[in-house]
Amino acid sequence: MIREFTCIVCPNGCGITAEVENGELLSLTGAICKRGEAYVRQELTDPRRTISSSVAVRNGELPLASVRLDTAVPKDRIFDVMQEIGTVRLEAPVYIGDVAIENVLGLGSNVIVTKNVERK
């Protein structure tokens, strides 16, 4: 079976064509760098994604602080993680690098703050 992928590892966004049989990668074309092949292999066995979002901040000069995951989580758990992130309410001040949720849903990834929000 021929499968098409768009690599998301680097800004090149290579269009990759892979021949796959019984979950095994037989051939691959279109990847400019070796990371493209690694991306396709991971997509075939354990697709993962990172998430960027925002969380509410009480008593802050801004109502929200941006956050992101520090490591990718299984693609099929993205909505669960987003739901958990939606429950978070931080108290100002918050700073870049603060951990908003440690080991979110036991997936081995932390939700970290990426925007400073001072107290009002």
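Above: the structure in question.
Residues numbered from 1 in each chain as written. Predicted model: local features only at pLDDT ≥ 70, side-chain atom pairs only at ≥ 80, totals over all residues. Heavy atoms only, no water.

Before going further, it helps to examine the sheet that holds strand E5 (residues 52-58). Sheet strands line up and pair through hydrogen bonds in the backbone, either parallel or antiparallel. Reading across from one edge, E8-E5-E6-E10-E9 is the order of the 5 strands in this open sheet, with mixed pairing throughout. Of all the strands in the sheet, the pair left with one neighbour each is strand E8 (89-91) and strand E9 (99-101). In this sheet, neighbouring strand axes are inclined to one another by 45° on average, regardless of whether the strands run parallel or antiparallel. Relative to strand E10 (residues 111-113), strand E6 (residues 64-69) is paired through 3 bridges, and the arrangement is antiparallel. Paired with valine 67 across the strands is valine 113, a residue of E10. Against the sheet, helix H2 (residues 78-85) touches E5, E6, E9 and E10, its axis set at about 15° to E5. (Pairing = 2+ DSSP bridges. Helix = DSSP H or I, 4+ residues; strand = E, 2+ residues; numbered from the N terminus. Axes fitted to C-alpha atoms, helices over the stretch in contact; angles between N-to-C directions. Contact = heavy atoms within 4.5 Å.)

This part covers the environment of isoleucine 2. Mapped onto the fold, isoleucine 2 is located in strand E1 (residues 2-6). Distance from isoleucine 2 to cysteine 14, taken between C-alpha atoms, is 16 Å for residues 12 residues apart in sequence. Other than its neighbours up to four places away in sequence, isoleucine 2 contacts Thr17, Ala18 and Glu19.

A separate point is the sheet that holds strand E2 (residues 15-21). Strands sit in the order E1-E2-E3 across an open sheet of 3 strands; the sheet is antiparallel. Looking along the sheet, the strands with just one partner apiece sit at the ends: E1 and strand E3 (24-29). For this sheet, the mean angle separating the axes of adjacent strands, direction not counted, is 30°.

Turning to its location among the elements, arginine 3 is positioned in strand E1. Separated by 84 residues in sequence, arginine 3 and threonine 87 have C-alpha atoms that sit 37 Å apart. Contacts of arginine 3, omitting those with residues within four sequence positions, involve Ile16, Thr17, Ala18 and Leu44.

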